[in-house]
Amino acid sequence: MNTERIPKRILGNLLSSVSAGVVPRSGAPYIAIGRVDEIASLTEDMKRVADGEGVTRFVIGRYGSGKSFLIQLLRGYAADRGFVTADCDLSPERRLCGVGGLATYRELIRNLSCKASPDGGALATVIGRWYAINAEKVTASGTLPGDADFSAKVSAAIISDARSLEAGVGGFDFALIVGEYCRAYGEGDDAKMSSCLRWLRGEYANKTEARRETGLRSISVIDDTNWYDHVKLICALVRKVGYAGLCVFIDEGVNLYKIVNRVSREANYEKLLAMYNDTMQGRAPGMMLLFGGTPQFLEDTRRGLFSYEALKSRLSDGRFASDGLKSMMGPVIRLRRLSDDEMLALMMRLTALHAQYHGVDARITDDEMTEFLRASLSRAGADSMITPREIIRDYVSLLDLLLQNPDKSYADIVSRGEAKAEKTEKNEEKTAETRKIEIDDIVF
């Protein structure tokens, strides 16, 4: 990899993110190590989506295993392949069904991106592209932009073109708003364009406010009950204007697992099932849904997806699947732990990027990197519990310390860290023993 070509702004954001244990929104390909099979499978899905199919996949892994990183990596790949992308993290305020559904929609639209608008806010870009396509058609028919009836003919072409969107749920209002936006775009009416975008972003609280702002007498609003229908309409629109399709990335699915109320939790799972069925049965052509979550979110038979029988029957592994066999073609992709060689290669990549960003030579040798990795993996339970996030965060912290303390060597800093960790472990054991004694002294 030629690190000289990485912009310093992206490199700085990348290093800041990984040192804080956060997935970077830009620059992920520069530290992409491993996950070859997973990426190959998901990019193959993108080819199917570009051909008009629908796909839903689940990326399952423990906290810090790299699922969010993989999602951000795929987001960049999708944009490079001509897709429009939308992503969001679920939270107590953002869900799939009931109160919180509209909040999820708003976050998805806010993060709507394409190659021309990689940082979000691509909705106006997409509609502007539709206007340009219809303007070219009118120009090709012999009416030039300076002619008096040019704007009217473009509006008529857009209205005619929008009729195909009316077949979807909420399609009439959607087509009406998009057509009104295009008309305002041609006339330079910024206020009307803004009100139409507000409607498309789901920002109106009720019909009265929407009708007053847009000037349209008969118009509904996007709410918690119909937000997914409008995601499908946006997918139809982006395909109409020449994009390959819409990729929707929804991470932190564990927040659905954490919903305490059983009725509310199952309603969200039912919505997820409807979304899954839509894509897999061809009712959402050109759309890819990718959900990220933990093993508990998927497999817990009391509160996870497997507690909902319809989802369990669709997402369970086949009876011939086993731990020794690899399958990337089913709806669920389980992330394996990065191999030791892959982790070492990632550390070497980070070392080179860290040195480039700060304009210094790396103060750590290959042997010391290997020793650091060996020490990290030799900790109790590391084989099954330690994650790339923990190793990367500690390693970048080590590189920072070496940079800021030129009089200290790798051995000096690591020995201090090991002594501190040993002292902390002894204090925790002492505290646990004290608590045990206190409990034993209680008379029941």
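What you see is a predicted model, and the numbers here were worked out from it, not measured in a lab.

## Re the overall build of the protein
Then, in step 1: Scanning the protein from terminus to terminus reveals 19 helices and five strands.
Then, in step 2: Expressed as a percentage of the 444 residues in the protein, the buried residues total 47%.
Then, in step 3: In the protein, of all internal contacts separated by at least 6 residues, the share reaching a separation of at least 24 is 70%.
Then, in step 4: Carbon and sulfur atoms provide 51% of the accessible area of the protein, an area that totals close to 22,400 Å².

## Comments concerning helix α8 (residues 190-200)
Each α-helix winds once per 3.6 residues, and so residues spaced three or four apart point in a common direction.
Then, in step 1: Regarding α8, the residues found buried are Lys192, Met193, Ser195, Cys196, Leu197, Trp199 and Leu200.
Then, in step 2: The inward-facing, buried residues of α8 abut α4 (101-110), α5 (123-140), α7 (171-187), α9 (207-214) and α10 (227-240).
Then, in step 3: Residue glycine 202 follows α8 closely and has a positive phi angle near 75°.

## Re helix α2 (residues 36-50)
Then, in step 1: With 15 residues, α2 extends 21 Å from end C-alpha to end C-alpha; this agrees with the ideal 21 Å at 1.5 Å per step.
Then, in step 2: Among all positions of α2, only Glu38, Ile39, Ser41, Leu42, Thr43, Asp45, Met46 and Val49 are buried.
Then, in step 3: Buried residues in α2 make contact with β1 (55-60), α3 (67-80), β4 (287-293) and β5 (332-334).

## Overview of the packing of helix α16 (residues 366-377) against helix α18 (residues 388-404)
Then, in step 1: Viewed as axis vectors pointing N to C, α16 and α18 meet at an angle of 140°, and their least axial separation amounts to 11 Å. As summarised for this structure, α16 and α18 are arranged oblique, according to the angle between their axes. Relative to α18, α16 is oriented so that their crossing is right-handed. Facing Met369, Phe372, Leu373, Ser376 and Leu377 of α16, the residues of α18 in contact are Ile391, Asp394, Tyr395 and Leu398.
Then, in step 2: Each residue belonging to the contact of α16 with α18 can be placed in one class, and the counts come to seven nonpolar, one polar and one charged.

## What about the pattern of salt bridges?
Then, in step 1: As enumerated under the stated definition, the model contains 24 salt bridges in all.
Then, in step 2: When the shortest N-O distance is used, the salt bridge between glutamate 180 and arginine 183 registers 2.7 Å. Of this pair, glutamate 180 and arginine 183 both sit in helix α7, separated by three residues, roughly a single helical turn.
Then, in step 3: Since its relative accessible area comes to 14%, glutamate 180 is described here as buried.
Then, in step 4: The class for arginine 183 is partly exposed, based on a relative accessible area of 24%.
Then, in step 5: Measuring nitrogen to oxygen at the nearest pair gives 2.7 Å for the salt bridge that ties arginine 183 to glutamate 187.

## A few points about the pairing of strand β2 (residues 84-89)
Then, in step 1: Within β2, five of the six residues are buried, leaving the element largely enclosed by the surrounding structure.
Then, in step 2: Note: β2 against strand β3 (residues 246-251), six bridges, orientation parallel. Among the inter-strand pairings, valine 84 is bridged to a residue of β3, identified as leucine 246.

## A word on the pairing of β3
Then, in step 1: Most of β3 sits out of view: six of its six residues are buried.
Then, in step 2: Side chains Leu246, Val248 and Ile250 of β3 all project onto a buried face; the interleaved residues Cys247, Phe249 and Asp251 project onto the opposite face, where all are buried too.
Then, in step 3: Sheet topology places β3 next to β4; five bridges connect them, and they run parallel. Pairing of isoleucine 250 across the sheet is with phenylalanine 291, part of β4.

## Here's the deal with the packing of α5 against α7
Then, in step 1: One can describe the packing of α5 onto α7 by two numbers: an axis separation of 10 Å at closest approach and a directional angle of 75°. In terms of their interaxial angle, α5 and α7 are classed as roughly perpendicular. Only Val178, Tyr181, Cys182, Tyr185 and Gly186 of α7 make contact with α5, whose side of the interface consists of Ala124, Ile127, Trp130 and Tyr131.
Then, in step 2: A breakdown of the residues in the contact of α5 with α7 according to their chemical character gives eight nonpolar, one polar and no charged.

## A closer look at the sheet that holds β2
Then, in step 1: The strand order across the open sheet built from five strands is β2-β3-β4-β1-β5, with neighbouring strands paired in parallel fashion. A single partner strand is all that each edge strand has here, and the edge strands are β2 and β5. Strand-to-strand, the axes of this sheet are offset by a mean angle of 15°, without reference to chain direction.
Then, in step 2: Together, β2 and β3 form the strand contacts of α4, whose direction differs from that of β2 by roughly 135°.

## Looking at the side chain of asparagine 255
Then, in step 1: When you line up the elements, asparagine 255 lands in helix α11 (residues 254-257).
Then, in step 2: With a relative accessible area of 15%, asparagine 255 lands in the buried category.
Then, in step 3: Beyond its immediate stretch of four places on either side in the chain, asparagine 255 contacts Leu90, Ser91 and Pro92.

## Some words on the packing of aromatic side chains
Then, in step 1: In the structure shown here, the tally under the stated rule is five aromatic pairs.
Then, in step 2: Arranged with centres 4.8 Å apart and planes meeting at 65°, the rings of tyrosine 131 and tyrosine 185 form a pair that is edge-to-face. Linking tyrosine 131 in helix α5 with tyrosine 185 in helix α7, this pair joins segments that are 54 residues apart in sequence.
Then, in step 3: Classification of tyrosine 131 by relative accessible area gives buried; the value is 12%.

## Quick word on the environment of glutamate 136
Then, in step 1: Inspection of the secondary structure puts glutamate 136 in helix α5.
Then, in step 2: Expressed as a C-alpha distance, the spacing of glutamate 136 and valine 154, which sit 18 residues apart in the sequence, is 8.9 Å.

How each quantity is defined
- Residues numbered from 1 in each chain as written.
- Predicted model: local features only at pLDDT ≥ 70, side-chain atom pairs only at ≥ 80, totals over all residues.
- Heavy atoms only, no water.
- Helix = DSSP H or I, 4+ residues; strand = E, 2+ residues; numbered from the N terminus.
- Buried < 20%, exposed > 50% of the residue type's maximum accessible area, 1.4 Å probe, protein only.
- Contact = heavy atoms within 4.5 Å.
- Areas by Shrake-Rupley, 256 points an atom, 1.4 Å probe, with all protein chains shown as cover.
- Expected span 1.5 Å × (residues − 1).
- Axes fitted to C-alpha atoms, helices over the stretch in contact; angles between N-to-C directions.
- Parallel < 35°, antiparallel > 145°, perpendicular 65-115°, else oblique.
- Left-handed = near helix turned anticlockwise from the far one by under 90°.
- Nonpolar A, V, L, I, M, F, W, Y, C, P; charged D, E, K, R; others polar.
- Salt bridge = Lys/Arg side-chain N within 4 Å of Asp/Glu carboxyl O.
- Pairing = 2+ DSSP bridges.
- Phe/Tyr/Trp six-rings, centres within 6.5 Å; stacked < 30°, edge-to-face > 60°.

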